[in-house]
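These are the residues of each chain, in order.
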Amino acid sequence: MRGADSVPRPTPTGKTPSFPHARRKTWLRTDIESCMLQRRCKLRGRMKKEQVLNCQFSFWYPRFKNQTIRSIVLPLPQNVKDYLLDDGTLVVSGSEDLPTCSQEDDDGNSDEAEDVQWSDDENTTTLMAPEFPEFALKVQEAISALGGSVFPKLNWSAPRDAYWIAMNSSLKCQCISDIFLLFKSSDFITRDFTQPFIHCKDDSPDPSLQYVLVLRKWCELIPGAEFRCFVKENKLIGISQRDYTQYYEHISKQKEEICRCIQEFFKKHIQYKFFDEDFVVDVYRDSMGRVWIIDFNPFGEVTDSLLFTWEEMISGNNLKDEQSEGAAMEQDCPSFRCTNSSLTVQPSPYLSYRLPKDFVDLSTGEDVHKLIDLLKLKRNQQDDEES
Ligand SMILES: Nc1ncnc2c1ncn2[C@@H]1O[C@H](COP(=O)(O)OP(=O)(O)O)[C@@H](O)[C@H]1O
Ligand SMILES: [Mg+2]
């Protein structure tokens, strides 16, 4: 949920991040964005901290275990949390081999931490990648128990904004270093750590949190089969195609059937069973027509309203007309929205999180010619300075 759901619009939203991290972007805010921000402020203030707490994966998973993807939740040790939040440590910890003979000191740090030598220059500081042998072992065991590949999350969010930095350009992880690389590169993860209650109205002190690493069995999910369901006062009022940037013919053609199927699933497995009466639940409809829960998110601005607006959701306006559109639709059927034509498709919402390709190629050493060009440029600069 969290920023992961609220931010990925094609244009930055005026939610200027105020992180203490050097890597965070600062966006120019236009007048239009300021207006949007003001409008959003009006919508804020409805959500309570408790609603956010209830959407933590570890809260809902035990209750809906049979309707969702198999997962394992591991408490996140404080030193791992510190490492993930530390902008100075760019070195990714966690070797692919299981730790075998590392000795831990009292803080759980290894004294045999594998160091990464970035330069032969004696004057350069060597960056050390911290190791967490005990935690790494637990993670590796969990990954194996889940079939060897996992989808990682923190209490609420997955590092979806950082997928491009992974070697496989995916969130599919096979070892702890895959997970650390994604988490350390993700603003969504940082937001879970630093601003979990950002849009909550209650002035009460923030509840204390137990941070966890969620490992979910990797599943090849088809984006066109994912839907976001908006539930208000325990009634399913809206369903939106989740990957709204693309046109999927099958969704347009099977609207009624999809809607009926999700509504049935909702009534049987979710209605009156969640901790709140207002919430947003993401579901997946597989090729057999079976519906699965993917995630729960707070009913509020922190969650992306996709093809609806939060004004519509909160006021209930504009939803009724659509309901009566389809003759086959039942009385209590929710409003259903999908992208209706390929003309309206939009670029991926995650593009704005990517670095320029040249930069990535250089940093990963992918393109040796670019590296040579850069070194030549550097040498020319030095020659110029000396002459
Ligand atoms: N177990 C999984 N395996 C593969 N992909 C997944 C898995 N779980 C979720 N996804 C994909 O990742 C997306 C985001 O997952 P989600 O749990 O909702 O994270 P967030 O709350 O950060 O958006 C989903 O829409 C789905 O496409
Ligand atoms: Mg979510």
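The model shown is predicted, which means the values in this text are computed figures rather than measured ones.

## Considering the overall build of the protein chain
- Check the secondary structure of the protein chain and you find 14 helices and 10 strands.
- The proportion of buried residues among the 387 residues of the protein chain is 32%.
- Taking the intrachain contacts of the protein chain between residues at least 6 apart in sequence as the baseline, contacts between residues at least 24 apart amount to 71%.

## A short note on the confidence of the model for the protein chain
- For the protein chain, the average pLDDT comes to 80, and 67% of its residues sit at 70 or higher.
- Every residue in residues 7-30 scores below 50 in pLDDT, and together they form 32 contacts with partners more than four places removed in sequence or on other chains.
- Low pLDDT, under 50, characterises residues 96-116; the predicted model gives this stretch 41 contacts beyond four residues in sequence or across chains.

## A closer look at the nonpolar core
- Counting 65 residues, the largest nonpolar core has Cys229, Val231, Ile262, Val280, Val281 and Val283 as the members making the most contacts within it.
- Looking at this core element by element, the count peaks at six residues for helix H10 (residues 255-270).
- Taken domain by domain, the makeup of this core includes at least three residues from each of domain 2 (70-94 + 130-217) and domain 3 (220-344).

## Regarding the environment of Asp187
- You can see Asp187 is positioned in helix H8 (residues 187-194).
- Taking C-alpha positions, Asp187 is 7.1 Å from Asp161, a pair spaced 26 residues apart along the chain.

## What about the environment of Arg216?
- Along the polypeptide, Arg216 turns up in strand E5 (residues 212-217).
- Spatially, the C-alpha atom of Arg216 lies 4.1 Å from that of Ser71, the residues being 145 residues apart in sequence.
- Setting aside residues no more than four positions away along its own chain, Arg216 makes contact with Ile69, Ser71, Val150, Phe151 and Lys153.

## Structural notes on H8
- Of all eight residues in H8, six are buried; the element is thus mostly enclosed.
- Taken together, the buried positions of H8 are Asp187, Phe188, Ile189, Thr190, Arg191 and Asp192.

## Focus on the sheet that holds E5
- The antiparallel open sheet is built from three strands, whose spatial order is E1-E5-E4. The two strands at the open ends of the sheet, each matched to only one other strand, are strand E1 (71-75) and strand E4 (150-153). Taking each pair of neighbouring strands and ignoring which way they run, the sheet shows an average axis angle of 20°.
- Strands E1, E4 and E5 of the sheet are contacted by helix H6 (residues 133-145), whose axis makes an angle of about 175° with E1.

## Some points on the sheet that holds strand E6 (residues 226-232)
- Read across the open sheet, the five strands follow the order E9-E8-E6-E7-E10; overall the sheet is mixed. Looking along the sheet, the strands with just one partner apiece sit at the ends: strand E9 (291-297) and strand E10 (335-337). In this sheet, adjacent strand axes meet at a mean angle of 25° when their direction is disregarded.
- Strands in contact with H10 are E6, strand E7 (235-241), strand E8 (279-285), E9 and E10; relative to E8, the strand with the most contacts, it is inclined by about 120°.

## So, the pairing of E4
- Burial of E4 is two-sided: the residues Val150 and Pro152 facing one way and the residues Phe151 and Lys153 facing the other way are all buried.
- Bridge count between E4 and E5: four bridges; the pairing is antiparallel. Its bridge partner being in E5, Val150 is matched across the sheet by Lys217.

## Describing unusual backbone geometry
- A positive phi angle is found at Tyr272, which is not glycine, with a value near 65°.
- The phi dihedral of Asn318 is positive, around 70°, even though this residue is not glycine.
- With respect to the helices and strands, Asn318 occurs in the loop between helix H11 (310-315) and helix H12 (319-325).
- Owing to 13 C-beta atoms within 10 Å, Asn318 belongs among the partly exposed residues under this scheme.

## Looking at the environment of Trp156
- Within the secondary structure, Trp156 sits in the loop between E4 and helix H7 (176-185).
- For Trp156 and Cys55, which are 101 residues apart along the polypeptide, the C-alpha to C-alpha distance reads 7.0 Å.

Reading the values: the criteria
Residues numbered from 1 in each chain as written. Chains lettered and ligands numbered in written order. Predicted model: local features only at pLDDT ≥ 70, side-chain atom pairs only at ≥ 80, totals over all residues. Helix = DSSP H or I, 4+ residues; strand = E, 2+ residues; numbered from the N terminus. Buried ≥ 20, exposed ≤ 12 C-beta atoms within 10 Å, placed from the backbone. Contact = placed C-beta atoms within 7 Å. pLDDT = per-residue confidence, 0-100. Core = buried A, V, L, I, M, F, W, Y, C linked by C-beta atoms within 7 Å. Domains from an automatic or database assignment. Pairing = 2+ DSSP bridges. Axes fitted to C-alpha atoms, helices over the stretch in contact; angles between N-to-C directions.

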